[in-house]
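Okay, here's what each chain looks like letter by letter:
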Amino acid sequence: MRVFVLALDGCEVGFVERWRLRGLMQRTYGSVQVPGECFARILGRDGRIIHEPYTPMVWYAFITGTLPKGRIGRLLRRRRWTNPVVDKLVDVFARGWGLERRFGILRRMGFKRRVVDRRDYGVPTIFDHARKPHAIDVPAYSPMWNLGIYEGEFGFDKIPNVIRQAFKRFEDKKRRVAEILGSDWDLIMVWTKLLDIVGELAFGLPEMYRAYRAADAYVQELSRELGDDCVLLVVSDHGMKRLEGTRSFGMHTDRAFWSLNFETDWRPKSVTDFYGKIVEWLRS
Ligand SMILES: [Zn+2]
């Protein structure tokens, strides 16, 4: 059976329920636990360090069915150096967030960096089980993936533009999906950060509601297009709650939303549970 995975970064089950977004809920829905192994300390929007599910680590767990422990966990928290000796030294001596910044000297010496991707894994992913897979911007997997345009942009004045860009990117992504839907494929996974961006930068504001409605409408559109002989799995990497002490900033929670376009008694418990099921669907 063909499988379409719509990866809605940061989709919060609480909002789906509060606004009764039937498109997002599909026929069966729920939420899964994000294990502690997928957490990292990151710089929050208000400048504080917060401990929360870290997007590339959760998606790694989703597509491999394994937790990002040990070396791969460390690698997912940073970018790699293309020179293997330099990379090994940095990995061994600069573990942890923050230390990497002090390696400007390496950049000035001409060493280059790249993001962690499928080359670094050593375990199979859902894409290895498909005949004609398409991975569109999947974090920690697709070549040159990145988490978005606003990394390092903390100015309040930039927020409206970042949100406008997020809506625009969502539309661009829909167009990219439309282009491959008509081709020969058995697995498509497409990742969008729209709900994560509005959750983090416009928590509780009308833009956030508008984004959830846009996602809801898109799932309905996809569902019609794909029909009943295709699995449509909508899934998230974490939920979202208000960042304490702020008016409209959000932070990640450890409950991740999921939904399916058919009735089933299967209830995933953890983000690592989807891998085996996707493999099973692809084989059926
Ligand atoms: Zn995320």
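Attention here is on the structure that accompanies the text. (Residues numbered from 1 in each chain as written. Predicted model: local features only at pLDDT ≥ 70, side-chain atom pairs only at ≥ 80, totals over all residues.)

## Points about the environment of Ile278
Moving on, step 1. Relative to the helices and strands, Ile278 is located in helix α10 (residues 274–283).
Moving on, step 2. We classify Ile278 as buried; it has 24 C-beta atoms within 10 Å.
Moving on, step 3. As a C-alpha pair, Ile278 and Phe127 span 151 residues in sequence and 9.8 Å in three-dimensional space.
Moving on, step 4. Setting aside anything within four residues of it in sequence, one finds Ile278 in contact with Val3 and Ile126. (Helix = DSSP H or I, 4+ residues; strand = E, 2+ residues; numbered from the N terminus. Buried ≥ 20, exposed ≤ 12 C-beta atoms within 10 Å, placed from the backbone. Contact = placed C-beta atoms within 7 Å.)

## Topic: the sheet that holds strand β8 (residues 187–192)
Moving on, step 1. The six strands lie next to each other as β2-β12-β9-β1-β8-β7, forming an open sheet whose pairing is mixed. Sheet topology places β2 (28–33) and β7 (133–136) at the edges, where each strand pairs with a single neighbour. When strand polarity is set aside, the average angle formed by the axes of neighbouring strands in this sheet is 15°.
Moving on, step 2. When strand β1 (residues 2–8) meets strand β9 (residues 230–235), the two strands line up parallel, connected through six bridges. Counted as the bridge partner of Ala7 is Val235 from β9. (Pairing = 2+ DSSP bridges. Axes fitted to C-alpha atoms, helices over the stretch in contact; angles between N-to-C directions.)

## A short note on the packing of helix α8 (residues 194–201) against helix α9 (residues 206–226)
Moving on, step 1. Running from N to C, α8 and α9 point in directions that differ by 165°, and their axes come no closer than 9 Å. Relative to α9, the element α8 lies roughly antiparallel. Where α8 crosses over α9, the two elements pack in a sense that is left-handed. Every residue of α9 that contacts α8 at Leu194, Leu195, Val198 and Gly199 is listed here: Glu207, Met208, Ala211, Tyr212 and Ala215. (Parallel < 35°, antiparallel > 145°, perpendicular 65-115°, else oblique. Left-handed = near helix turned anticlockwise from the far one by under 90°.)

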